[in-house]
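Here are the chains, one letter per residue:
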Amino acid sequence: MVIKILEECEVDPQNVSKIGPDTFLIDLDKRQLRDVIKCLVLDKGLHFSTCLGVDYSGLRQGSMALIYVVTRPSSKIIIRVTLNENESIPYVHDILPAAEWCELEAMDLLGLKTSLPVEDRFILHWGLPSKVQPLRKEFKHNTRLSNMVSCRVSKPEDFVEVDPHHPFFYEHEDFLIKAIGNRIVDVLYIGSYINRGIEKVGESRLKMEQVPFIAERICGICGFTHSTAYCQAVESALDIDVPERARFERTLMLELERLESHLLLLALIAYSVGLRDIFLGLLRSREIVMNACDILVGNRKMYGLNVIGGVRYGFETRQIRDVKELIKKLKTSLKILDALKESQELRKLKDVGVLPKESAHKLGAVGPVARASGIDYDVRRDLPYAAYEEVDFDVPIMDQGDTYSRIVIRCEEVIQSVRIIEQVLNRDVLTKGDLRTEYYPAPGKIGVGMTEAPRGENVHLVITGHDSRLYRWKVRAPTYANLAVLRAVLVGESPRDAPVIIASLDPCLSCTDRLVMVRRT
Amino acid sequence: MYRQASDGEKNMRGYPRHDPDKCIGCGACSNVCPTDSITVRVSGDRIEWIHNVARCIRCCFCVDHCPTGALSVGEEYSMIADSIDKLYILHTIDVEKCPKCGRTMTYSVNVEKHVASRTEKASMSCERCKIESLLRVVEKVRRV
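Quick caveat: nothing in here was measured; it's all calculated off a predicted structure.

**Q** Even after reading the chapter, I still don't get the overall build of chain B, so can you show me in this structure?
**A** When helices and strands are tallied, chain B shows 4 helices and 6 strands. Along chain B, helices (α) and strands (β) appear in the sequence β-α-β-β-α-β-β-β-α-α when read from the amino end. Taking all contacts inside chain B whose residues are at least 6 apart in sequence as the whole, residues at least 24 apart take part in 65%. In the form shown here, chain B has an accessible surface area of approximately 8,500 Å², with 53% of it arising from carbon and sulfur atoms.

**Q** Would you take a moment to explain the nonpolar core for this structure?
**A** A general feature of soluble globular proteins is that nonpolar side chains tend to end up buried together. All names here are of chain A. One finds F48, I79, M253 and L340 to be the most contacted residues of the largest nonpolar core, which totals 149 residues. Both domains that meet at this core, namely domain 1 (2-139) and domain 2 (198-513), each give it at least three residues. Grouped together as the second largest cluster of nonpolar side chains are 21 residues, I198, I218, V234 and L470 included.

**Q** Looking at this structure, I do not really get the pairing of strand 3 (residues 46-52) of chain B. What am I missing?
**A** For a regular strand, the rule is simple: side chains alternate between the two faces of the sheet. Residues and elements named next belong to chain B. Within strand 3, 6 of the 7 residues are buried, which leaves it mostly tucked inside the rest of the structure. In this sheet, strand 3 lies alongside strand 2 (residues 38-43) in antiparallel orientation, the contact comprising 6 bridges. Each bridged residue has a counterpart across the sheet, and for V40 the counterpart in strand 3 is W49. Once strand 2 ends, the chain turns through 2 residues before running back antiparallel as strand 3, passing G44 with a positive phi of about 65°.

**Q** Whenever I open this one, empty space enclosed by the protein confuses me. Can you help?
**A** Any empty space left between atoms is shown by rolling a water-sized probe over those atoms. Residues and elements named next belong to chain A. Taken as a whole and assessed by the stated rule, the structure comprises 4 cavities of 30 Å³ or more. By volume, the largest cavity amounts to about 120 Å³. Lining the largest cavity are 14 residues; nearest its centre among them are S49, A98, R476, Y480 and A481. Listing elements by their share of the lining of the largest cavity, those giving two or more residues are strand 3 (47-55), helix 3 (100-110) and helix 16 (478-482). Within the lining of the largest cavity, the residues separate by chemical class into 9 nonpolar, 3 polar and 2 charged. Mapping the lining of the largest cavity onto the domain boundaries places at least three of its residues in each of domain 1 (2-139) and domain 2 (198-513).

**Q** What am I meant to see in the environment of A:I320 here?
**A** Residue and element names in this part refer to chain A. Residue placement: I320 occurs in helix 9 (residues 317-333). Taking C-alpha positions, I320 is 44 Å from Y189, a pair spaced 131 residues apart along the chain. Leave out the neighbours within four places in its chain, and I320 touches L296, F315, L425, L430 and T431.

**Q** Help me understand helix 2 (residues 33-43) of chain A, please; the structure alone is not making it clear to me.
**A** Along an α-helix, residues three or four positions apart point the same way, because every turn accommodates 3.6 residues. All names here are of chain A. Restricting attention to buried positions, one finds in helix 2 the residues L33, V36, I37, C39, L40 and V41. If you follow the buried residues of helix 2, they end up packed against helix 1 (2-8), strand 2 (23-28), strand 3, strand 4 (64-72), strand 5 (75-83) and helix 12 (357-363). Just beyond helix 2, the residue with positive phi is G45, at close to 75°.

**Q** I would appreciate a short explanation of the sheet that holds strand 1 (residues 16-18) of chain A in the present structure.
**A** Strands belonging to one sheet form pairs held by backbone hydrogen bonds; the direction of such a pair is parallel or antiparallel. Residues and elements named next belong to chain A. Pairing within the open sheet is mixed, and its 5 strands lie in the order 1-2-5-4-3. Each edge of the open sheet carries a strand with a single partner, namely strand 1 and strand 3. The sheet shows a mean angle of 20° between the axes of neighbouring strands, taken without regard to direction. Judged from the 8 bridges that link them, strand 3 and strand 4 form a sheet pairing that is antiparallel. Within strand 4, the position partnered with C51 by the bridge is Y68. The sheet strands contacting helix 2 are strand 2, strand 3, strand 4 and strand 5, and the helix crosses strand 5 at an angle near 165°. Sitting on the sheet, helix 3 touches strand 3 and strand 4, and the angle it makes with strand 3 is about 10°.

**Q** Explain the interface of chain B and chain A here, please?
**A** Quoted interface sizes are often the accessible area lost when the parts come together. Contacts between the two partners involve 18 residues from chain B and, on the opposite side, 22 residues from chain A. Where chain B packs against chain A, one counts 2 salt bridges. A salt bridge links A:R205 to B:D36, with the shortest nitrogen-to-oxygen separation between them at 3.0 Å. Applying the counting criterion to the chain B and chain A interface returns 14 residue pairs in polar contact (both at pLDDT 80 or more). Elements represented by at least two residues in the side of chain B that touches chain A include exactly helix 1 (28-32) and helix 2 (61-65) of chain B. Residue contributions to the side of chain B that touches chain A peak at 3 residues, all from helix 2 of chain B. A per-class count over the side of chain B that touches chain A returns 9 nonpolar, 5 polar and 4 charged.

**Q** Before we go on, may I ask you to explain the environment of A:D27 in this structure?
**A** Residue and element names in this part refer to chain A. In this fold, D27 is placed in strand 2. D27 sits in the partly exposed class, given a relative accessible area of 30%. Residues D27 and D399, 372 residues apart in the sequence, show an inter-C-alpha distance of 37 Å. Apart from residues lying up to four places away in sequence, D27 is in contact with N15, R80 and T82. A distance of 2.9 Å separates a polar atom in the side chain of D27 from a polar atom in the side chain of R80.

**Q** How should I be thinking about the packing of helix 7 (residues 244-272) of chain A against helix 8 (residues 276-297) of chain A in this particular structure?
**A** When two helices pack together, their arrangement is given by the angle between their axes and by how far apart the axes lie. Residue and element names in this part refer to chain A. With their axes 8 Å apart at the nearest point, helix 7 and helix 8 run at an angle of 160° to one another. On the basis of their axis angle, the class for helix 7 and helix 8 is roughly antiparallel. Here the hand of the crossing between helix 7 and helix 8 comes out left-handed. On the side of helix 7, the interface is formed by L252, M253, L256, L259, E260, L263, L264, L266, A267, L268, A270 and Y271, while helix 8 contributes R276, I278, F279, L282, L283, S285, R286, V289, M290, C293, L296 and V297. When the residues that make up the contact of helix 7 with helix 8 are grouped by side-chain class, the tally is 20 nonpolar, 1 polar and 3 charged.

Definitions and limits used
Residues numbered from 1 in each chain as written. Chains lettered and ligands numbered in written order. Predicted model: local features only at pLDDT ≥ 70, side-chain atom pairs only at ≥ 80, totals over all residues. Heavy atoms only, no water. Helix = DSSP H or I, 4+ residues; strand = E, 2+ residues; numbered from the N terminus. Contact = heavy atoms within 4.5 Å. Areas by Shrake-Rupley, 256 points an atom, 1.4 Å probe, with all protein chains shown as cover. Core = buried A, V, L, I, M, F, W, Y, C linked by side-chain atoms within 4.5 Å. Buried < 20%, exposed > 50% of the residue type's maximum accessible area, 1.4 Å probe, protein only. Domains from an automatic or database assignment. Pairing = 2+ DSSP bridges. 1 Å grid on protein atoms, 1.4 Å probe; cavity = no way out; pocket = protein on both sides within 12 Å on 5 of 7 lines; lining within 4 Å. Points joined across faces, edges and corners; volume = space filled by probe spheres on them. Nonpolar A, V, L, I, M, F, W, Y, C, P; charged D, E, K, R; others polar. Axes fitted to C-alpha atoms, helices over the stretch in contact; angles between N-to-C directions. Salt bridge = Lys/Arg side-chain N within 4 Å of Asp/Glu carboxyl O. Polar contact = N/O pair within 3.5 Å; in protein donor to acceptor, adjacent residues only side chain to side chain. Parallel < 35°, antiparallel > 145°, perpendicular 65-115°, else oblique. Left-handed = near helix turned anticlockwise from the far one by under 90°.

As structure tokens, then:
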């Protein structure tokens, strides 16, 4: 099926190799890239996930590569374009806006040249000297920048903002909203204030088996989905079979995490539209979920469960019994969601911040944001991982694409999550069986791991290296894709609606900036 | 100083608890620690096991890798302290002396508890003694 689509897009079948049960690797020529991506994504309607630059000089003879990841139901397609050292790179972001951020990031971090007039810094600080190209292999992870040339201190036409943060958002981001009268005409997002180079740390200092714990700390709300995606990427690269018990344990924890994340967001939205009682009720039900996680893994948020090839510890019958009781309690307290959906305050958000289906596809929106606009894509169903093939659930889809449906779709997903958790808790396999499979590292393998995080599709791509280390690790968090729709949803709306529209995208900025603190004493 | 888990939090995965009576100073914990919060080093005739609680992320991966069970999952998890020195846990363990020459070796006295057979006991000597005995064997072979 994939081969047929690729033939229609004029890809030479000799360049296509199957590197996993559902993964295809295509080596493309630089000139062909634009046409192939255009054909696959814009004509055939495949989903564009991400792209990244790789410095291949440690594995092969000195060359660079650009890697694009495109997905369709039941298969992942990795497109690789090999470049010479000083060759100007091809780009597709003028026809496909979804690729804009990742292409600019690849140019910034690797110092790749392009024929487009772009600023030299995108996610790094603009004051850094231009020879700082952190993802090149000759750049050491512990380089002290103060020893290099002194940084530029001022940018000519810059302006200083004293209070960039809106009181609704507690994270490190900057939304510059331009308005004429009562209408937003433009919006600019400035981020990556907290980028500390987790990918570089994972490639240089850490061993493959240590990375899941660091990956879990990328995000404070959806960390487990990151460590699962990382483990899946390595498992697909090294061809490891995960035991059934581990797959069910992962499913259970992933769904508990989705509940936590959605209930927190819905509570905050209720707070922002003025429904204080529902805010408290939702946080109270979230506490039940947190207690269930505490019983199962010994921590409310950081589960520390995943290792490559399986999980670290198994659940006991006693724990499963306690969690079943908590889920029963949760079901009664979730009736408050109906009050949220029916509330007058939320109905006011109908037809506010509309995202049409075509622009959602072009901008690469994922998760509840895309599903509220009518895009029928859910990684759990379309590219099944963990034990999602063996449980029964629905994927709620809505067509309006407005703020109201983005919120309601999360209410529906909460109900589906509870349904999955109940099915998994009734399986006997959760308490008996193997926990993990042994594996042997091999260099130069590519693997993609995808999970449906609470905010959407989460992509980890790894290339394994020597000494059981990673050669390249790319993290594409869902908010990275979803923030591209900001301009589409905000322009034309009233500035007073902006906080709740942005909140309905559920931005998670530490995921987007890939924060982690690993400092030598 | 550190907050103990209350009854309702008995499952809590706190930072690892270290038992100096079982530790052999092999350094497996410091090798696998993702954030480098554990340091094991030999200073003089003692082994220092240092844990920086502020850097620990409570993954307890070290507990999985401890060969003698000296590390276990602790119930203390809060790290509020009034000075930065209290965030470091320092345990010292005596170093085993070489039974032949009496020099200090790189593992602790506790290693004897985990040594079972006579051949293993015989192999417990310092690097220099091992090389010397090997050289003696080589000399004998040469004469023959």
